[in-house]
Each structure stands twice: as C-alpha cells, then as structure tokens.
Amino acid sequence: MTAARAEPPIGRWSRWSDRLNPILVREVQQAVKGRAFALTVLVALVVTVVIATAAVARGAAPDAGRGVFDAGLTTLVPLVLFVVPMQAYHSMRLELRAGIVEQLLLSRLRPRAIVAGKLAAALVQFGLYVSILAPLLATSYLLRGVDVATIATSLGLALVFCLGATAAAISAAAQGATAALQPIGQVVAAFGFGMLSFAMMTFVGTGEYARDLGWLLRRAEFPAVLSAIVLGAAAATTLSALTAQTFLLHAFENRSTGFRVYLFGLPLLALAWIGCFVEPALWAERTAAVVFAATLLGIVFGVFFCTEQRELSPRVRAHVPRRAWAAALAAPWLPGRERGMLCLLLYLAAVGALGWLVWPDPTAATLVFAPGVRVTAFTTGLLRLAAFTAAYGLIYLTLGKGLRRWLPPTFAGNQLARFAVPGLCVLFCLVPVLIDVFLRDGVDQWHGLHVLNPFWTCERFAFRPERGSVLTGLLAAAAGCVLLQLRGLAHGIGEVRAAAALRRRAEAVAWLRRRTASPARSRRWRRATGWRSAARGPAAGRGRSAGSAPAARSSCSISAPMRPATTCATSTGAATRAASSCGCGCTRRKWRRTSTWCSTPRRRWPAPPARSARRGCWRRRSCSGAGARAPRCGC
C-alpha cells in the first residue's frame with residue numbers, strides 16, 4: 001500500500017483570500033469566465049492597437065499626444081459607464097430572479113456586504129480595463145501634449161463615475177421586484193447608461209474635455225471644483241447603496257435609520273466644504289444656498305418618512321435601547337411615520353436655525369432682478385424661498401400623512417401614499433386654474449385660491465420682502481399642522497419607550513431565571529451579594545420544619561436587589577423553610593393576596609393554605625432596617 005500524500009500547506013495568499021468578501025470573489029470569477037469579458041477585452045485591445053498604429057503613422061506631430069490621449073480616454077468611457085454598470089445590473093437581477101439573495105441572507109452576509117462586494121468587483125474590473133489602456137495613455141505622455149496631472153485626474157474621475165454608475169445600476173436592479181416591470185427597467189437602465197456614455201464620449205472625443213481640464217488645472221479653483229465633484233459622486237453612490245440595501249432587507253428590518261442619518265449628514269458635509277474652499281466674505285450667500293437646498297431635500301425625504309408603517313416591527317421592537325432616556329433619544333431615528341415626522345421637524349428646525357444665523361441685515365445693498373423690482377440681497381431671497389418650501393412641505397406632508405391613515409396598512413399602501421403627495425400638489429395647482437378658466441374667462445393674476453400653488457406663490461412673493469403676509473400665513477398654517485400631530489408624535493415616542501420597558505422586563509426575568517436555575521447557583525449568588533440570614537448565632541441555618549416553628553413574630557431577610565428570600569427566621573433564632581408559602585420580599589408597597597396567588601409589584605407565586613399557622617403573616621408586612629446590607633421584613 002502506498003502512503004497517502006500529505007496535503008500541501010496553505011499559503012499566505014490563500015489565507016488572505018479567505019478573508020475577502022465572498023461576493024467579490026464570486027463576481028470576479030464569473031466575470032473573468034464569461035464570454036462578455038473576453039469579447040470586451042479583445043475589442044479594447046484591437047482599438048488600442050489601431051490607435052497606436054495611427055499615432056505612429058502621423059509621426060512627430062505637435063498634437064499627437066493630445067490625440068492619443070483623447071482616443072484612449074474615449075475608449076475607456078463606455079467600459080466604465082456602460083459595460084461595468086450593466087454587468088452589475090444583470091448580476092443583481094439574476095440573483096433576485098433565482099432566489100440566490102435569500103440564500104445569501106440566511107448566511108452571515110448582510111445586505112451591506114452584498115452591495116459592497118458588487119462595488120468592489122466593479123473596482124477590480126475597472127483596474128483590469130485601465131491596465132489594458134495603460135500603454136496607450138503612457139504613449140500619449142511620451143508623445144508630449146499631455147502631462148501627468150491630466151492623466152491622473154482623468155483616471156480618478158473615471159473611477160468615481162464608475163462607482164457612481166455601478167451603484168445606480170445595483171439600486172435600479174434591486175428596485176425592480178415586480179416581474180412585469182423587469183424588462184422595462186432593463187431597457188430604461190440600458191438606455192440611460194448608453195446615453196450617458198455617448199454624451200461623455202462626444203465630450204472627450206472632440207477634445208473639449210482635455211482643453212477644459214487643462215484650463216482648470218491652471219486655476220486656483222481646481223481643488224474646490226474637484227472636491228465638489230468627488231463629494232457629489234460619493235453622496236450619490238451612498239444614496240444608491242442605501243436604496244439597494246433597503247430592498248434587500250427583510251420587511252421587519254430597520255430600513256429608515258440609514259436614510260435619516262444620511263439626511264442630517266449632507267448639510268454638514270456641504271458646510272464643511274464651504275468652510276474649506278470658500279472665502280469668508282461669501283460664506284453667508286453660500287450658506288443660504290445650502291439652507292434652501294437642504295430644506296428642499298428634507299421635504300423630498302419627508303415624503304418617504306411620513307408614509308411608512310406606523311407601528312414598530314417585531315424585529316426593531318426587540319432591538320430598541322434598554323434605557324428609557326436612550327429610547328427617547330433614539331425615537332426620531334427609528335421607523336414609523338410618526339417618528340419620521342418628528343425627525344423631519346428636528347431637521348427643519350436645525351436648518352432653520354442655520355438660516356437664522358446667516359440672515360442678512362435689512363439695510364444691506366439691494367439687487368435688481370427685473371425692471372421695477374428691487375429686493376434685498378440675494379441671501380434674503382434664498383432664505384425666504386427656503387421658508388416657503390418648508391411651510392408648503394409641512395402642509396402637504398400633513399395631508400399625505402392623514403391620507404395614509406385611510407389606506408391599507410401594507411407596503412403597497414406606503415407606495416400609494418408616496419404617489420398621492422405630489423398628486424395632491426398637482427391637484428391644488430390645477431383646480432384654481434380651472435376655476436379661473438371657467439368662471440373668469442382666463443387666468444389673469446394671482447389670488448387667494450392659488451395660495452396652495454407653491455410654484456406661482458414662491459415666484460410672486462419669495463423675493464419680495466414687502467409682501468410678507470402670505471409667508472406669515474403659510475408659516476402659521478404649517479405650525480397648526482404640527483400642533484395637530486402632537487398627539488401622534490407623543491405616541492411615536494411612547495411606543496419606543498414601551499418597547500424599551502418590555503425589553504428591560506424580559507431581560508430581568510431571564511436574569512432571574514438564570515440565577516435561580518439551581519441551588520448551587522443560588523448559593524453562589526448569596527455569597528456574591530452578601531446575603532445574610534436574619535437569625536444570629538449558631539442556630540442559623542439549622543432547618544426546622546414549618547409546623548414546629550414557634551408562634552412568635554417572624555422576620556425575613558432578602559438581598560439588596562429585591563429578590564425573594566428562601567428562608568425565614570423566627571425571633572427565637574431558628575431558621576425555617578415554608579414550601580407552600582410566599583417568599584419574603586421587601587417592598588414599600590403592600591402585599592396583595594387573593595385566594596390562589598400572593599404577589600408584589602415584582603413577582604407572584606401560589607398562596608399558602610387558607611388555614612396556615614402563619615396566616616397573619618401574609619396579610620401585612622413591614623420593612624425594617626433601611627440602609628442596612630440585608631433589610632428585614634417583619635410580619
């Protein structure tokens with residue numbers, strides 16, 4: 001017999017590969033083994049050879065390097081904006097169709113890991129395509145006309161846009177849950193990414209991109225513009241990833257906290273960018289623009305916040321913070337339309353405080369926006385526009401939230417309510433117009449019936465401070481809508497606090513059962529907590545039957561955390577144990593006794609027999625020894 005061969009030792013790289021995201025490994029393996037990847041690489045190599053041959057044929061022309069760079073970057077654009085995103089789209093659709101995602105979620109992989117693995121696979125494919133075109137880009141540098149900064153900046157922007165497009169494709173694929181809408185979603189995604197790739201290829205291939213980038217590199221605003229593009233793409237990628245995770249989560253999971261944290265983080269990111277790249281003299285105007293944009297974004301997010309399910313799901317209810325104060329602080333971040341409205345109110349209050357800090361002086365210089373129309377500084381107009389937006393948003397969200405109460409308590413009802421909110425806005429815009437057409441023979445001017453038309457009202461009154469009555473009335477109406485929801489907001493917070501109380505109670509019961517599971521553990525607990533019998537002297541611990549106990553006044557000793565004691569000591573110093581009696585518990589309240597149960601505010605257990613010798617002891621108890629290590633309960 002031949003000896004079995006010993007298995008080769010596992011190498012370092014193999015051990016490290018086991019720590020990688022399994023979705024990343026699978027996506028890369030499938031992409032490399034697929035025919036589409038081989039065909040794409042072959043086409044890219046052929047185009048690279050053709051471009052290099054054409055560059056050599058032109059000779060040492062002054063703009064040879066610029067032409068090679070434009071051609072190589074034009075070849076890279078469809079790869080990173082169409083091929084990689086569509087592969088991620090088809091991969092996600094295949095998993096949703098075949099039920100692979102459910103199997104992945106049964107493992108330790110979370111939706112966040114699934115989305116991160118697909119984005120990491122897109123990064124690997126991007127690196128492969130760049131490596132194919134790297135010789136061509138290096139040739140463009142050697143032929144002069146293109147510097148290293150232009151090449152490095154172009155590759156960095158290509159990476160950022162590739163990640164953003166891939167995240168958008170994954171999000172679009174995850175949202176197409178209906179089988180009838182999947183072909184339509186695929187056509188829309190292919191058309192959108194195709195048009196984006198064609199537009200970028202035209203912009204790069206004509207040479208305008210290289211010319212504009214070269215001009216920007218020589219300007220002092222280059223860091224600000226580049227950081228703004230990167231931060232905007234990062235924000236869009238994060239939002240797409242959050243949306244994809246939401247559709248991969250179970251219906252009982254927490255789907256709202258990520259979006260609410262994201263909403264609060266965007267204005268802070270914008271303010272940080274302003275503080276780093278904007279001159280202090282322009283901070284007020286830029287901050288006013290951020291206030292208006294943040295208000296509009298908050299109203300858009302509020303449409304989704306205020307149309308959620310009202311009650312907490314069992315999964316979220318089981319994971320609320322245990323402490324009452326922590327539960328109250330976490331309430332605005334948890335799912336539920338009442339808590340969503342509370343989160344939106346806190347967000348608008350924070351944005352409004354920021355706008356109040358940068359509100360300009362009324363005596364500031366004026367600007368002329370139209371003939372005969374003189375207003376204060378542009379900052380005031382933006383802040384007033386933000387106030388109009390907040391007022392209209394609260395009014396329409398209150399109407400939509402009230403409409404949601406009459407819809408079925410299902411996720412289909414949520415979607416219907418989300419479409420109903422903009423539908424209400426369109427309705428209140430069209431009805432006054434129709435009334436003017438049929439009763440006044442035309443729409444001549446703005447009047448009171450158009451007050452719920454946000455577009456016409458803002459255009460007429462936002463940049464005219466002298467006409468402030470409309471804004472005041474809208475803000476008063478918005479405040480009334482908030483007052484009508486105070487009871488619902490209190491219910492949202494109270495539900496979280498009640499869930500926290502139930503969790504504390506369940507954990508206390510579990511702890512009590514663990515501690516009283518066995519006599520040995522009970523003895524260890526007594527020694528750890530300093531439990532002592534009320535009896536003093538050598539007679540303590542010597543058990544005497546309940547029937548032989550003298551008819552004298554008895555006392556019971558318990559531990560500090562109000563746990564029922566198991567032994568009772570009489571005034572003569574003899575320790576007894578009553579199996580059929582209620583355990584001793586020290587409490588400030590009176591004991592309740594029925595025909596079958598004895599209970600305290602903490603526990604209850606079977607009552608003693610009706611003719612017990614200790615009957616008087618079960619009716620009244622008093623606590624003594626307050627502040628001592630082991631207080632006594634006397635009957």
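Sequence order as written defines residue numbering, which begins from 1 separately in each chain. Residue-level local features of this predicted model are given only where pLDDT is at least 70; pairs of side-chain atoms are given and counted only at 80 or more, and the full residue set underlies all totals for whole chains, interfaces and linings. Calculated side-chain values reflect all of the structure's heavy atoms, with hydrogen atoms and water omitted.

(A) Summary view of the overall build of the protein chain. Counting secondary structure elements, the protein chain contains 21 helices and eleven strands. For the protein chain, buried positions account for 41% of its 635 residues. Carbon together with sulfur atoms contributes 65% to the accessible area of the protein chain, which is approximately 35,800 Å² in total. To qualify as a helix, a DSSP run of H or I must reach at least 4 residues; to qualify as a strand, a run of E must reach at least 2; elements of each kind are numbered from the N terminus. Throughout this description, buried means an accessible area under 20% of the type-specific maximum (1.4 Å probe, protein chains only), exposed means over 50%, and partly exposed covers the range between. Surface accessibility follows the Shrake-Rupley procedure with a 1.4 Å probe radius. Residue values consider only the protein chains on display as shielding.

(B) Inspection of the packing of aromatic side chains at higher detail. Two rings from Phe, Tyr or Trp (for Trp, the six-membered ring) form a pair when their centres are within 6.5 Å of each other. A pair whose planes differ by under 30 degrees is stacked, one over 60 is edge-to-face, and the rest are tilted. The tally for this structure, following the rule as stated, stands at nine aromatic pairs. Taking the centre distance of 5.0 Å and the plane angle of 55° together, the rings of Phe-264 and Trp-333 count as tilted. Here Trp-333 lies in the loop between α14 (324–330) and α15 (337–357) and Phe-264 lies in helix α11 (residues 257–277), a separation of 69 residues in the sequence. Take Trp-333: its relative accessible area is 30%, and that puts it in the partly exposed class. When the centroid spacing of 6.1 Å and the interplanar angle of 65° are considered together, the rings of Phe-301 and Phe-305 count as edge-to-face. With Phe-301 and Phe-305 both in helix α12 (residues 283–305) and four residues apart, this pair spans about one turn of that helix. Like Phe-305, Phe-301 is buried. An aromatic cluster is built from Tyr-262, Phe-301 and Phe-305, whose rings are joined through pairwise contacts. We count a charge as sitting over a ring when the NZ of a lysine or the CZ of an arginine lies within 6 Å of the ring centre and within 35 degrees of the ring normal. The lysine or arginine in question, Arg-255, covers the ring of Phe-411, its NZ or CZ lying 5.6 Å from the ring centre. It is Arg-260 that lies over the ring of Phe-305; its NZ or CZ is 4.9 Å from the centre.

(C) Broad picture of the pattern of salt bridges. Should a side-chain nitrogen of Lys or Arg be within 4 Å of a carboxyl oxygen of Asp or Glu, the pair is scored as a salt bridge. Per the counting criterion, the structure on display carries 13 salt bridges. When the shortest N-O distance is used, the salt bridge between Glu-338 and Arg-310 registers 3.6 Å. Taken as a pair, Glu-338 in helix α15 and Arg-310 in the loop between α12 and α13 (314–317) lie far apart in primary sequence, 28 residues in all. Residue classification places Glu-338 among the buried residues on the basis of a relative accessible area of 7%. Via salt bridges that share partners, Arg-26, Glu-27 and Lys-118 belong to a single interconnected network.

(D) Focus on the confidence of the model for the protein chain. Residue-level pLDDT values for the protein chain average 77, and 72% of them are 70 or greater. Confidence of the prediction at every residue is given by pLDDT, a number between 0 and 100. Between two residues, a contact is recorded if the distance between any of their heavy atoms is within 4.5 Å. Across residues 365–376 the pLDDT falls below 50, and counting only partners more than four positions away or on other chains, this stretch makes 19 contacts in the model. Note on residues 531–598: pLDDT under 50 across the span, and 152 contacts to partners over four residues away in sequence or across chains.

(E) Quick peek at the nonpolar core. To define a nonpolar core, start from buried Ala, Val, Leu, Ile, Met, Phe, Trp, Tyr and Cys residues and group those joined through side-chain atoms within 4.5 Å. In this structure, Phe-69, Leu-76, Tyr-129 and Tyr-209 are the most contacted members of the largest nonpolar core, which totals 51 residues. The dominant element in this core, judged by the number of residues it contributes, is helix α4 (residues 64–98), at 13 residues. With residues near it in sequence (within four places) discarded, Leu-76 still touches Tyr-129, Val-130, Leu-133, Leu-155 and Ala-158. Judged by nonpolar contacts, the second largest core, of 49 residues, contains Ile-299, Leu-342, Cys-425 and Leu-474.

(F) Up close: a nonpolar patch on the surface. Patch construction takes residues with relative accessible area above 30% that form no salt bridge. Like charges are linked within 9 Å, and nonpolar side chains (Val, Leu, Ile, Met, Phe, Trp, Tyr) are linked within 5 Å. A cluster of nonpolar side chains, Val-426, Leu-427, Leu-430, Val-431, Leu-434, Ile-435, Val-437, Phe-438, Leu-439, Val-443 and Leu-449, forms an exposed patch at the surface whose accessible area comes to about 1,000 Å². Note on placement: Leu-434 falls in helix α17 (residues 411–439). Taking relative accessible area as the criterion, Leu-434 reaches 47% and is therefore assigned partly exposed.

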